[in-house]
Amino acid sequence: MEYQGIRFHNVVELEQKELLPGLRLQRFPKHVRHSLSENGRTKAVQSNGCELRFVTEAKHVRVTLASLETNGRVLVFRGDFFHSSHNLQAGVPHTIHLEIPERFADVEPDRLHNGAFSSKVWRIFCERFNAVFYDVDAFGHEVRPPSKEEVPRLTFVAYGSSITQGAGALSHYNGYIQQAARRLEVDALNLGLSGSCHCEKEVADHIAEREDWDLAFLEIGVNMMSSVPVEEFSRRATYLLDTIIGKHPDKPIFLTTIYPNRASYFKDQSHTASENFKKYNQFLREYALAKNRSQLHLLEGSDIMTDFTMLTSDLTHPSDYGHIAMGERLAEKMRFAVEQLRETKQHEEASL
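Positions within a chain are numbered from 1, following the residues in the order the chain's sequence is written. Thresholds applied to this predicted model are a pLDDT of at least 70 for local features of residues and 80 or more for the giving and counting of side-chain atom pairs; totals over whole chains, interfaces and linings are not thresholded and use all residues. For the side-chain quantities, the full set of heavy atoms in the structure was used; hydrogens and water were omitted.

### Quick notes on the sheet that holds strand 14 (residues 215-219)
Then comes step 1: With parallel pairing, 5 strands are arranged side by side in an open sheet as 13-12-14-15-16. Strands with a single pairing partner mark the edges of an open sheet, and in this sheet they are strand 13 (187-190) and strand 16 (296-299). Each neighbouring strand pair of the sheet contributes to a mean axis angle of 20 degrees, computed without reference to strand direction.
Then comes step 2: By definition in these notes, contact holds between two residues if any of their heavy atoms fall within 4.5 Å. Only the contacting stretch of a helix is used when fitting its axis, a line to C-alpha atoms as for every element, and angles between N-to-C directions run 0 to 180 degrees. Segments assigned H or I by DSSP are reported as helices when at least four residues long, segments assigned E as strands when at least two residues long, and all are numbered from the N terminus. On the sheet, helix 4 (residues 176-184) packs against strand 12 (155-159), strand 13 and strand 14 and is oriented at approximately 160 degrees with respect to strand 13.
Then comes step 3: Its contacts with the sheet place helix 7 (residues 272-291) against strand 15 (253-256) and strand 16, and it is angled at close to 155 degrees to strand 16. Two strands make a pair as long as DSSP finds a minimum of two bridges between them.

Here it is as structure tokens:
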């Protein structure tokens, strides 16, 4: 969505509260957020992976933001080049002063671009907090959204647990979804929900109704395996997959089995989580086999998280090392589909 010359990436609502200033960056529409579990409602308002993107000729720009409920952090990029990191104190508007990197002028312009972002694009990336936008000031210069040539041409949507949301990494920019997107030179819409990826009907409908993605990645099951019987998981997962595939039959859908975690290796394998870990994964394999669709690609979680020491000491969430390695492997698994989509899009544009 666009506002004041800014493209708000991974944002579907700029929510205005009647008695509070600023606009809250929301990854999910209100009706979806309010349909989730109590925990899910608090995670859905976190703005991780949301970005402010804009282009301006101004040498100096000031952007005013805040973190609503906790201290937060934003990372600033100029194209794909890291620029700076800024900490936001909870409830306090913070003005970030940006200046065009002076050394860019000394380098051949072509070296500053890749197949994803133009180095003219300012990107302000939000970590895991509820971000509030107030203002952008370019001192009289025009502020405009990036053109389609200045940002990635392809986008994948990712839905999953806290792992997909980026938990465990010291920076959510190092989360494996962001890492995979960076390697593939595509955009990512991160819809991860920490501890609350429960495959609700409203979430399935929302993802299916969106037309702003070219391929999808789904990491489901880990948040339900300790409490949801396999029959109920099967019902929810079937609705999610059937709905998304039904609305987007020609788009690649990647589905992973649950990543290895402590339940995979419990000493007591009769534990509910251990049993459901196996049963959930078997259902996903059987679903993919029964569907027999060329655009549905089942990935084994153990082929993405290949080393148990990729985890932090909680034995659930990957460390930075784990996220980075997982991002590399996921990108390898998705690359063929991305290249096919990229080639198709180039042919379509050339024929216009």
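Now that the structure has been shown, the text picks up again.
### Considering helix 9 (residues 320-350)
Then comes step 1: At Met334, helix 9 is deflected by roughly 50 degrees, the largest bend along its length.
Then comes step 2: Here helix 9 has its buried residues at Asp320, Gly322, His323, Ala325, Met326, Gly327, Leu330, Ala331, Met334, Ala337 and Val338. By definition, a residue's bend is the angle between the axes fitted to the seven residues ending there and the seven starting there. Partly exposed residues are those whose accessible area sits between 20% and 50% of the maximum for their type, while under 20% is buried and over 50% is exposed, using a 1.4 Å probe and protein chains only.

### Describing the nonpolar core
Then comes step 1: To qualify as a nonpolar core, a set must consist of buried Ala, Val, Leu, Ile, Met, Phe, Trp, Tyr and Cys residues joined through side-chain atoms within 4.5 Å. Tyr159, Ile220 and Phe233 are the most contacted members of the largest nonpolar core, which totals 42 residues.
Then comes step 2: Among the secondary structure elements, those contributing two or more residues to this core are strand 12, helix 5 (201-209), strand 14, helix 6 (230-247), strand 15 and helix 7.
Then comes step 3: The contact partners of Ile220, leaving out residues within four places of it in the chain, are Tyr159, Cys197, Cys199, Phe233, Ala237, Leu240, Leu255, Ile258 and Leu284.

### Brief notes about the pattern of salt bridges
Then comes step 1: Counted as salt bridges are all cases of a side-chain nitrogen of Lys or Arg within 4 Å of a carboxyl oxygen of Asp or Glu. Summed over the entire model, instances satisfying the criterion amount to 21 salt bridges.
Then comes step 2: A salt bridge links Arg236 to Glu232; the nearest nitrogen and oxygen atoms lie 2.9 Å apart. Note that Arg236 and Glu232 are positioned in helix 6 at a spacing of 4 residues, about one turn of the helix.
Then comes step 3: Here Arg236 falls in the partly exposed class, since its relative accessible area comes to 22%.
Then comes step 4: Judged by relative accessible area, Glu232 falls into the partly exposed class, the value being 24%.

### Observations regarding the pairing of strand 4 (residues 23-26)
Then comes step 1: Here strand 4 shows two buried faces, one formed by Leu23 and Leu25 and the other by Arg24 and Gln26.
Then comes step 2: In the sheet, strand 3 (residues 13-16) pairs with strand 4 via 4 bridges, with the strands oriented antiparallel. Within the sheet, the bridge partner assigned to Glu15 lies in strand 4 and is Arg24.
Then comes step 3: Turn length for the strand 3-strand 4 hairpin, with the two strands adjacent in sequence and antiparallel, is 6 residues, and the turn residue Gly22 shows positive phi of about 85 degrees.
Then comes step 4: Pairing between strand 4 and strand 11 (residues 131-137): 2 bridges, direction antiparallel. Bridging across to strand 11, Leu23 finds its partner in Phe133.

Structural measurements only, silent on function.
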